[in-house]
Amino acid sequence: MGDIFLETDRLTLYRFTPADVETILTLDSDPVVMRYVIPPRTRPEIEKYVADVLADYDRFPGLGRWLAHERATGRFVGIWMLKPLQETEHIEVGYRMFEEFWGRGFATEVARALVRHGFETVRLRQIVGITHPDNAASQHVLEKCGLQYQRTIRLGFVEHPLRFYTIDSPTA
């Protein structure tokens, strides 16, 4: 595991390392996990993804993608992110996790911590979130974190429209 980035009451977020390819492959090759995200990824795609994430830690200080492990058990739960949104100037908060962890409040717990980090530490002026139109659970998570639905958008890296949410910094 990489260096600890952030801890919440129940989860620890770690920076990616090159050794995490296999761990990420178990998550990103799961069609249930990836249903509302992108098609499941192959090993070569994961290897490139990990290399890009590692490079982004230096390119975008305070931002990134992190592996989340349950503090009580050490089990890998999923990936959370606070990162530049492809094809835009926005910074997005997001996540994906194994189905067995759905409905336990992990998504909201960590997303709230990342929004707070984005505003208090990175000094972002705004954070956005995007969801598949049918992903009501993730829409609810974003709303519980204070993000508000703005409109439907299209981005070139997905074939379907996306629901677009924003939250402005309380000090902006």
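Rules behind the numbers
- Residues numbered from 1 in each chain as written.
- Predicted model: local features only at pLDDT ≥ 70, side-chain atom pairs only at ≥ 80, totals over all residues.
- Heavy atoms only, no water.
- Helix = DSSP H or I, 4+ residues; strand = E, 2+ residues; numbered from the N terminus.
- Contact = heavy atoms within 4.5 Å.
- Buried < 20%, exposed > 50% of the residue type's maximum accessible area, 1.4 Å probe, protein only.
- Axes fitted to C-alpha atoms, helices over the stretch in contact; angles between N-to-C directions.
- Parallel < 35°, antiparallel > 145°, perpendicular 65-115°, else oblique.
- Left-handed = near helix turned anticlockwise from the far one by under 90°.
- Nonpolar A, V, L, I, M, F, W, Y, C, P; charged D, E, K, R; others polar.

### Topic: unusual backbone geometry
- Even without being a glycine, Arg123 presents a positive backbone phi close to 65°.
- Assignment of secondary structure puts Arg123 in the loop between helix 4 (106-120) and strand 6 (126-131).

### Re the environment of Trp66
- Structurally, Trp66 is set in strand 3 (residues 64-70).
- Residue contacts for Trp66: discarding those within four places in its chain leaves Phe5, Leu13, Tyr14, Arg15, Phe16, Tyr57, Gly78, Ile79, Trp80, Met81, Leu82 and Leu114.

### Concerning the environment of Tyr36
- With respect to the element layout, Tyr36 can be found in the loop between helix 2 (31-34) and helix 3 (43-59).
- For Tyr36, a relative accessible area of 24% puts it in the partly exposed group.
- When the C-alpha positions of Tyr36 and Ala137 are compared, they lie 11 Å apart, and in sequence the two are 101 residues distant.
- With residues near it in sequence (within four places) discarded, Tyr36 still touches His132, Asp134 and Asn135.

### Overview of the packing of helix 1 (residues 21-28) against helix 3
- The contact between helix 1 and helix 3 brings their axes to 10 Å, and the two run at 120°. Comparing the axis directions of helix 1 and helix 3 gives the class oblique. Like other packed secondary-structure pairs, helix 1 and helix 3 cross with a definite hand, here right-handed. Contacts between helix 1 and helix 3 involve Val21, Glu22, Ile24, Leu25 and Asp28 from the first element and Arg43, Ile46, Glu47, Tyr49 and Val50 from the second.
- Looking at the contact of helix 1 with helix 3 residue by residue, the class counts come to six nonpolar, no polar and four charged.

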